[in-house]
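Report on the structure
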Amino acid sequence: MAETIEKQEFTLNLNGQKVKVAAPPDMPLLWALRDEIGISGVKFGCGAGLCGACSVQLDGVPARSCLYPIGEVGDAQVTTIEGLQDDPIARKLIDAWLEVDVMQCGYCQAGQIVSAHALLSETPKPKAGDIDAAMQGNICRCATYPRIRQAIRIASGQQEA
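A brief report on the enclosed structure follows. Source: prediction; values computed, not measured. (Residues numbered from 1 in each chain as written. Predicted model: local features only at pLDDT ≥ 70, side-chain atom pairs only at ≥ 80, totals over all residues. Heavy atoms only, no water.)

1. A closer look at the nonpolar core
Using the following cut-off: For this analysis, a nonpolar core means a set of buried residues of the types Ala, Val, Leu, Ile, Met, Phe, Trp, Tyr and Cys, connected via side-chain atoms within 4.5 Å. Per-residue accessibility, obtained with a 1.4 Å probe over protein chains only, is compared with the maximum for each type, and a residue is labelled buried under 20%, exposed over 50%, and partly exposed between these values. Comment: elements are numbered from the N terminus, with helices defined as DSSP H or I runs of at least four residues and strands as E runs of at least two.
Of all hydrophobic cores here, the largest spans 23 residues; its most connected members are L93, W97, I148 and I152. Going through the elements one at a time, α2 (88–99), α3 (109–122), α4 (128–135) and α5 (145–155) are the ones with two or more residues in this core. Counting residues per element, this core draws most heavily on α3, which supplies six residues.

2. Remarks on the pairing of strand β1 (residues 8–14)
Definition in use: Note on pairing: two strands pair once DSSP finds at least 2 bridges between them.
Pairing geometry for β1 and strand β2 (residues 17–23), over seven bridges, is antiparallel. Its bridge partner being in β2, L14 is matched across the sheet by Q17. Two successive antiparallel strands, β1 and β2, enclose a turn made up of two residues, where N15 displays a positive phi of approximately 50 degrees.

3. A short note on the sheet that holds β2
For clarity, the threshold we go by: Simply put, an axis is a line fit to the C-alpha atoms, just over the touching stretch for a helix, and the angle between two N-to-C directions goes from 0 to 180 degrees. Contact criterion: two residues are considered in contact whenever any of their non-hydrogen atoms come within 4.5 Å of each other.
A sheet is described by the order of its strands in space; here five strands give the open sequence β2-β1-β5-β3-β4, paired in mixed fashion. The open sheet terminates on both sides in strands that have one partner only, identified here as β2 and β4 (61–64). Each strand axis lies, on average, 45 degrees off the axis of its neighbour in the sheet, ignoring direction. Pairing of strand β3 (residues 55–58) with strand β5 (residues 77–79), which is carried by two bridges, proceeds in the antiparallel orientation. In the sheet register, Q57 faces β5, and the bridge partner there is T79. Its contacts with the sheet put helix α1 (residues 29–37) on β1, β2, β3 and β5, and the angle it makes with β1 is roughly 95 degrees.

4. Examining the packing of α2 against α3
Counted only if it meets this: Any angle that is under 35 degrees is reported as roughly parallel, and any over 145 degrees as roughly antiparallel; angles of 65 to 115 degrees are reported as roughly perpendicular and all others as oblique. Definitions for this section: a left-handed crossing has its near helix turned counterclockwise from the far helix by less than a right angle. A right-handed crossing has that turn clockwise. Side-chain classes follow a simple rule in which Ala, Val, Leu, Ile, Met, Phe, Trp, Tyr, Cys and Pro form the nonpolar group, Asp, Glu, Lys and Arg form the charged group, and the remainder, Gly included, forms the polar group.
As a packed pair, α2 and α3 sit with axes 9 Å apart at the nearest point and diverge in direction by 130 degrees. Put simply, α2 runs oblique to α3. Between α2 and α3 lies a crossing of right-handed hand. Contacts between α2 and α3 pair I89, A90, L93, I94 and W97 from the former with Q109, Q112, I113, A116, H117, L120 and S121 from the latter. Within the contact of α2 with α3, the residues separate by chemical class into eight nonpolar, four polar and no charged.

5. Things to note about the pattern of salt bridges
Counted only if it meets this: For this document, the term salt bridge refers to a Lys or Arg side-chain nitrogen within 4 Å of an Asp or Glu carboxyl oxygen.
Under the counting rule described, the total for this entry stands at three salt bridges. With its nearest N and O atoms 2.7 Å apart, the salt bridge here joins D132 to R149. Within this pair, whereas D132 is found in helix α4, its partner R149 is found in helix α5, the two being separated by 17 residues in sequence. Overall, the relative accessible area of 38% leaves D132 in the partly exposed class.

So, in structure tokens, the structure goes:
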């Protein structure tokens, strides 16, 4: 006989709003966001926290939502790419991304921008090593890493396009 998974009700602080969701406490935040709430900017990549396609910010810190159980989110502010749409740092990043034509397939880009946003929020003028460290683990299958770095430098005002 199949075991019944008991759902609980959670209230997420999601993109500046309180959102209720019923889910098992061990459900990865990724699936709660995508399947239960309908947030599509968060992508499933590897399911093992290695690729960064599922990156969100928890209280401003990048986190792999595929590994983070919804039951452990608590009162943390969850920010997805959708929650950054009116943010001035994110706007600079998106404009720079478009200016240097970072995207090819685009699948990883939401996670890339979420991680780059956290970097620039903490370190407005990052050095090359800061960029590499912050973006480590955000895999781009199209290998646009030089353009990603360039876009971050442009968004930080350290380089012209």
